[in-house]
Amino acid sequence: MKEKSKKTTKRVIITILLILLLFIAAVFVFLWNKLGLLQYDDGTVNGSDVAVEDVSEENILSEEDLEGLVILDGEPVIPDMEIYDDKNVVNILLIGTDERTKQFNTNARSDSMILISINKEKDTVKLVSLERGMGVPVLSGQYEGQYDWLTHIFRYGGADLLMETVETCFRIKVDKYVRVNFNTLTQIVDSLGGVEITLTAEEASYMSSFYDVKTGSNLFNGKEALFYSRIRKIDSDWGRVVRQRNVIQSAFMAAKGMSLGEINTAVNEILPLIQTNLTKAEIAALIIEAPSLVGKEMDQMTIPKKGTYGGMTGMGGRSLFAVDFTANAEILQEFLYS
């Protein structure tokens, strides 16, 4: 009887293990198939696809942005520092391009650039907005050696050149990107059921001409969140980047309360609208980390820091922020890796 009981117990254990393995395999196949919905792109562009400069577009830096800044005589110095890397930290450059369609195109500006830094050891996420008006060197192509807005670098060499520029100027490892556009953002917010945003009286007054909003907490749909994230007339581009991070933080909080069915629907709607050079394996590894990250408050900052930049003139006579790259590289490394 004891021998028979042992055999029965052994069969039960083996059966449970087989069921568990089959379940894991099914989840893996399901996840792998879902990741196939993404648009995978290494971020490089062909020479024929590189956009030419456009001096007729709006100047993204206002007179108020430049007021009181010391005008640099010469070009900013690129830091002579090692590029910092940490195996426990994954830096992903979130690139928001300015198309309003489902399709991406090469003649787009990176309207928003936010570095998302995930520390797998400490289970933290940090957000760093990169001010689009910073003057940076064009590292390759027909404008090589000249200085232009950071927002234009994407036009001259795609995500690949943009990542190289951030890495070169700020001396941190950045070789992964995720690209979205205006249409993607509205779809993400709508798929989450909206995002909760707290408006100041000034923000509410400005938005009330277009939407039904109030001072304090508001539940925004996709179009409202996009409008909010692009406001800069009431203050400046510096306020604008804070609002962009507010939307990302709120989206992280909203994702925490979603059911499996809602997540499945959202994934089907959102993933086809995202472009990245992350591999399926890298994304799967990040998904494993997700439960410990979603819903957390994220440390945030904007580069360059106040007092570490002046003014300069770049390509096409455009006004640029002249950045002390060494000071900001040190600030950024301390923020991301401490």
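Look above for the structure.
A quick note: this is a predicted structure, and the numbers were derived from the prediction, not measured. (Residues numbered from 1 in each chain as written. Predicted model: local features only at pLDDT ≥ 70, side-chain atom pairs only at ≥ 80, totals over all residues. Heavy atoms only, no water.)

### What to know about the overall build of the protein chain
No. 1: Check the secondary structure of the protein chain and you find 10 helices and 13 strands.
No. 2: Looking at the protein chain as a whole, 47% of its 338 residues qualify as buried.
No. 3: Considering only contacts in the protein chain between residues 6 or more positions apart, those separated by 24 or more positions represent 73%.
No. 4: Looking at the protein chain as shown, the accessible area adds up to about 17100 Å², and 55% of this sits on carbon and sulfur atoms. (Helix = DSSP H or I, 4+ residues; strand = E, 2+ residues; numbered from the N terminus. Buried < 20%, exposed > 50% of the residue type's maximum accessible area, 1.4 Å probe, protein only. Contact = heavy atoms within 4.5 Å. Areas by Shrake-Rupley, 256 points an atom, 1.4 Å probe, with all protein chains shown as cover.)

### Describing the environment of L66
No. 1: Position of L66 among the secondary structure elements: in helix α2 (residues 63-66).
No. 2: If near-sequence neighbours (up to four positions away) are discounted, L66 is found in contact with L61, S319, L320 and F321.

### Side note on the pattern of salt bridges
No. 1: One pass over the full model with this rule turns up 12 salt bridges.
No. 2: Taking the shortest distance from any N to any O, the salt bridge between D111 and R240 comes out at 2.3 Å. Of the two residues, D111 is situated in strand β3 (residues 110-119) and R240 in helix α7 (residues 237-256); the sequence distance between them amounts to 129 residues.
No. 3: What makes D111 buried here is its relative accessible area of 5%.
No. 4: Using a relative accessible area of 2% as the deciding quantity, one classes R240 as buried.
No. 5: Connected through shared salt-bridge partners, D111, R132, R230, D237 and R240 make up one network. (Salt bridge = Lys/Arg side-chain N within 4 Å of Asp/Glu carboxyl O.)

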